[in-house]
Each structure stands twice: as structure tokens, then as C-alpha cells.
Amino acid sequence: MGSFFSRVGQSIYDTMIAGDSYVLILQGLGVTILIAICAILIGTVLGCIFALMKISDSKILRGIANAYTTILRGIPLATQLMIFYFVVFAPLHMPKLLVAIISYGLNSGAYCTEIFRAGIQGVDKGQTEAGRSLGLSKWQTLFKIVLPQAVKACLPTYTSEFIVLIKETSVASFIAVRDMTKAGDMIRNATYNAWIPLLTCAIIYLILTVGLTKLFGLLEKRMAKSDR
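Let me begin by describing the structure that accompanies this report.

Definitions and limits used
- Residues numbered from 1 in each chain as written.
- Predicted model: local features only at pLDDT ≥ 70, side-chain atom pairs only at ≥ 80, totals over all residues.
- Heavy atoms only, no water.
- Helix = DSSP H or I, 4+ residues; strand = E, 2+ residues; numbered from the N terminus.
- Expected span 1.5 Å × (residues − 1).
- Buried < 20%, exposed > 50% of the residue type's maximum accessible area, 1.4 Å probe, protein only.
- Arc of directions from axis to C-beta.
- Contact = heavy atoms within 4.5 Å.
- Polar contact = N/O pair within 3.5 Å; in protein donor to acceptor, adjacent residues only side chain to side chain.
- Phe/Tyr/Trp six-rings, centres within 6.5 Å; stacked < 30°, edge-to-face > 60°.

## Considering helix α3 (residues 59-74)
Side chains three or four residues apart in an α-helix point the same way, a direct result of the helix having 3.6 residues per turn. Here α3 spans 22 Å end to end across 16 residues, near enough to the 22 Å set by a 1.5 Å rise per residue. Taken together, the buried positions of α3 are Ala65, Tyr68, Thr69 and Leu72. For α3, the buried positions fall inside an angular range of 90 degrees around the axis, keeping them on one side. Facing away from the buried surface of α3 by more than 90 degrees, the exposed residues are Lys59, Ile60, Thr70 and Gly74. Lining the buried residues of α3 we find α2 (21-54), α4 (77-88) and α5 (96-122). N-capping of α3 is provided by Ser58, with a side-chain oxygen placed 3.4 Å from the backbone N of Ile60.

The structure is reproduced here in C-alpha cells:
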């Protein structure tokens, strides 16, 4: 048993420590987090805009918003990423990382649109009627009464979208972005050892997702206590 752990330890050292391979993992982790944060910010802005378009009285605005969410949610993210890189942005010669951020942001925006729309429409209609009876306009009622309640209702699903984004950044390697998954693959190619770099990436993803789930859970509990 001792010799087994000794061999495992030596293999980990040779694969991850010798030659500073772990630095690639850390750099890839930074890229992964950067893509996820930038994408959720873009997705939040787009989600707010298209959610308001979806609940508007204009058939044109609703049609545009429906087309956006249907297309972006209906096509696999990996396919979208490659379309944006090899077709849409190819003439502009944009950096791979920027293309990935835009692609993930647009995709996240489609999901945030549905999250925000469901949250807004999930608020009891009596709240809107009460606001209008007080003399508030439609938009004043929306921003002062409906949205504050919708935000709390959306929070669990919205935070889940961010966690999903972190995991989905792994396909950024399809366009050679050096995220954490790509870093693990580079180490595998250089050392001919697959299980250590890939398992390392898997453990880091697991720590990130579980940690964020716990953190967001505490945030939700705190908001629930403030309501009481």
C-alpha cells in the first residue's frame, strides 16, 4: 500500500509540479472565472432588456425577443461558439477570449431573459393593480413594485445560471481558448498522463460549483430572514 501511494505521489509530482505544469491550471482557472463573470454580466443586461421586450404590448418587440431566446437556447453552446468564431467574427480577427466572452454572454442572455420574464410574471397581478390604483404608471409600477419582488423570486435560478456558466466554459477549448480544461489537455499531451490533469480539473470544477452553491444558499437564507 505504501509503495502504491508513493508511486501516485511521484506521478502527481512529475505531472503537475515538475516543469510548473500547475501554473497552466491556475492560469486556465483565471480564464474560466473571467469568462463566466463577464458572460453573466452581459447576460444580465441582455436578459433585462429582452425580458421587458417579452412582456411588452408590442408584437414586434415580443417577436424579436422570442426569436432571440428560441435560437440561442435551441442551438448547442459548442456549436454557437464555433459559429461565432469561425463565421460571424472571423473577418474581424477578434481575440479568441473576447469571442468566447461574447458567445457565452449572448447565450446566457437568452436564459436570463426567461428567468427574469418568469420572475416578473410570477408576481401576483394584484400587486400591479394596487400600484395602478395608487396612481402609478405602468412602468413606475413595474420598477417600484413588481421588479423588487421578482428579483428575490429569480435569485435561485439566476445563481444556478452562473454556476452552469462556469461548467460550460469547458467547451471554450473548442476554439483554443486556454481555459482550465484546455490547460489540463495541454498537460496531458505534454506528459502522456491523462488521469492526473483531468482529475485535477474535475476536482477544481467540483469545488467551485459546490462552494458557490453553498454561498448562494446562504445569501438566499439571509434574504428570506430579512423578509420575515
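## A few points about the environment of Ile187
Its location among the elements puts Ile187 in helix α8 (residues 180-191). On the basis of relative accessible area, Ile187 is assigned to the buried category, the value being 2%. Spatially, the C-alpha atom of Ile187 lies 8.8 Å from that of Ile25, the residues being 162 residues apart in sequence. With residues up to four places along the chain from it excluded, the contact list for Ile187 reads Thr15, Met16, Ser21, Leu24, Ile25, Tyr192 and Pro197.

## A few points about the packing of aromatic side chains
In total, this model carries five aromatic pairs according to the counting rule given. Note on Phe50 and Tyr68: the rings are 4.2 Å apart at their centroids and 20 degrees apart in plane angle, and the pair reads as stacked. Note that Phe50 is positioned in helix α2 and Tyr68 in helix α3, a separation of 18 residues in sequence. The exposure class of Tyr68 is buried, given its relative accessible area of 11%.

## Section: the side chain of Ser56
Tracing the sequence through the fold places Ser56 in the loop between α2 and α3. When neighbours within four sequence positions are excluded, Ser56 is seen to be in contact with Leu61 and Arg62.

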